Amino acid sequence: MNLNTIVEVKRPKSFDEIEWRDGHAFLGGGTWLFSEPQVATDTLVDLPGLGWPALTVTPAGLEIAATCKIVELHDFKGPPQWRAVPLFDQCIDCFLMSFKIWNAATVGGNVCMSLPAGAMISLTAALEGVCTLWPRNGKPRQVPVVDFVTGMHTNVLQKGEVLRSILLPASALSKRFAMRQVSLTHHGRSAALIVATVGDKGEDFLLTISAATPRPVQLRFKKAPSATELRQAIDERLPPDAWFQDVHGSAPYKRHITFYLAEQIRAELT
Ligand SMILES: Cc1cc2nc3c(=O)[nH]c(=O)nc-3n(C[C@H](O)[C@H](O)[C@H](O)COP(=O)(O)OP(=O)(O)OC[C@H]3O[C@@H](n4cnc5c(N)ncnc54)[C@H](O)[C@@H]3O)c2cc1C
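Just so it is clear, the structure is predicted and the values come from calculations on it, not from any experiment.

**A short note on the packing of helix α8 (residues 227-237) against helix α9 (residues 251-269)**
Where α8 meets α9, the closest approach of the two axes is 10 Å, and the angle between their N-to-C directions is 145°. Crossing geometry of α8 relative to α9 is assigned as right-handed. From α8, A227, L230, R231, I234 and D235 reach across to α9, where they touch R255, F259, A262, E263 and R266.

Set out below in structure tokens:
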């Protein structure tokens, strides 16, 4: 849609050029920004123009620029020891996807939207991603993805602060994984997206619950838990009022389906 409150689109060549004030909004792929009126915004600050490399493999892991497009992540082929790379596509397929989102939406835009059904949040949280944030004034800071999202459409970003990148550590990318997702309707928005990763000897079992809760929730076990241990841990961490209720599923349904899928995943990985 046309945004008739926008009077300027800034295309800085570096982050330091940006003089932030109220009314500015960072522009990733624009798939959400251009999907509804933005009455409080008069200026868009284009991020893709900053030219950050989309995907960088380093000894530490995979650095995903905030401006990396969904389609670029889809096309990524990692080294064979990164056994969790197929999870990228599995999570991408969970988007309520349109041609526009596939080709224009950015990983950073999805994470910054901070919606429960943000598939890039599920992916990067499950793979123990760490965000690098560039504050307006001050040094870059690091925040785990699981702590970045604080609730439905809320996160830790301060005014004018940009999400620069997300590092997926090589250790997490090398783990085995299992994933399940359900929607109430075919190609609908996720009601639950559950991922677990585990080391080769059944150590460091990490369960990530998303979409069923307002923000991602993680449960870590030194070794793969039994069915009872897993159920108890979820129950203790997420009381009945901690589940996310919306048109994509009631809270009791999301709670029920999470227990069901988490057990499937546990059984698969053990
Ligand atoms: C048909 C349709 C289906 C959709 N389905 C889903 C879905 O299933 N799940 C879901 O989560 N969302 C969905 N969305 C919402 C949205 O399109 C996606 O979340 C998308 O990934 C946003 O990415 P973007 O790059 O287009 O973000 P933009 O629209 O460019 O930006 C989104 C928000 O993030 C801010 N932002 C962007 N990049 C940064 C950055 N690097 N640092 C700081 N702030 C930043 C922007 O200022 C804006 O507030 C859907 C939208 C449409 C139109």
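**Focus: the site of the ligand**
Around the ligand sit 27 residues in total, of which F26, G29, G30, T31 and T106 are the nearest. Here an oxygen atom of the ligand sits 2.9 Å away from a polar atom, N or O, in the main chain of W32. Out of a free accessible area of 970 Å², the ligand has 89% covered by protein chains. Those elements that provide at least two residues to the shell around the ligand are β2 (24-27), α4 (107-113) and β10 (162-169). Ranked by residue count, the leading element in the shell around the ligand is α4, at four residues. Lining the shell around the ligand are residues from two domains, each supplying at least three of them: domain 1 (8-45) and domain 2 (52-171).

**Side note on the sheet that holds strand β3 (residues 43-46)**
Here we have three strands laid out as an open sheet, ordered β1-β3-β2, and parallel in their pairing. Each having just a single partner strand, β1 (8-10) and β2 make up the two edges of the open sheet. In this sheet, adjacent strand axes meet at a mean angle of 30° when their direction is disregarded. The sheet contact formed by β1 and β3 spans three bridges and is parallel. Bridging from a neighbouring strand, V9 pairs with L44 of β3.

**Overview of the environment of G138**
Its place among the elements puts G138 in the loop between β6 (130-134) and β7 (141-144). Taking the C-alpha atoms as reference, G138 lies 9.9 Å from E161; in sequence the two are 23 residues apart.

**Let's talk about the nonpolar core**
One finds L73, F88, V107 and M120 to be the most contacted residues of the largest nonpolar core, which totals 54 residues. It is helix α5 (residues 119-126) that contributes the most residues to this core, six residues altogether. Residue contacts for L73: discarding those within four places in its chain leaves L55, I64, C68, F88, I92, V107, M120 and L123. Core analysis: the second largest hydrophobic core is formed by 27 residues, A191, V217, A224 and A262 among them.

**As for the pattern of salt bridges**
Throughout the structure, instances matching the rule amount to 14 salt bridges. When the shortest N-O distance is used, the salt bridge between R11 and D46 registers 3.9 Å. With R11 in the loop between β1 and β2 and D46 in strand β3, this residue pair connects regions lying 35 residues apart in the sequence. For R11, a relative accessible area of 56% gives the class exposed. Note that R220 and E128 form a salt bridge whose closest N and O atoms lie 3.4 Å from each other. In this pair, R220 sits in strand β14 (residues 217-223) while E128 sits in the loop between α5 and β6, placing the two residues 92 residues apart along the sequence. Residue class for R220 comes out partly exposed when judged on its relative accessible area of 48%. Bridged by salt links that share partners, the residues E128, K175, D204 and R220 form one connected network.

Criteria and thresholds
- Residues numbered from 1 in each chain as written.
- Predicted model: local features only at pLDDT ≥ 70, side-chain atom pairs only at ≥ 80, totals over all residues.
- Heavy atoms only, no water.
- Axes fitted to C-alpha atoms, helices over the stretch in contact; angles between N-to-C directions.
- Helix = DSSP H or I, 4+ residues; strand = E, 2+ residues; numbered from the N terminus.
- Left-handed = near helix turned anticlockwise from the far one by under 90°.
- Contact = heavy atoms within 4.5 Å.
- Near = heavy atom within 4 Å.
- Polar contact = N/O pair within 3.5 Å; in protein donor to acceptor, adjacent residues only side chain to side chain.
- Areas by Shrake-Rupley, 256 points an atom, 1.4 Å probe, with all protein chains shown as cover.
- Domains from an automatic or database assignment.
- Pairing = 2+ DSSP bridges.
- Core = buried A, V, L, I, M, F, W, Y, C linked by side-chain atoms within 4.5 Å.
- Buried < 20%, exposed > 50% of the residue type's maximum accessible area, 1.4 Å probe, protein only.
- Salt bridge = Lys/Arg side-chain N within 4 Å of Asp/Glu carboxyl O.

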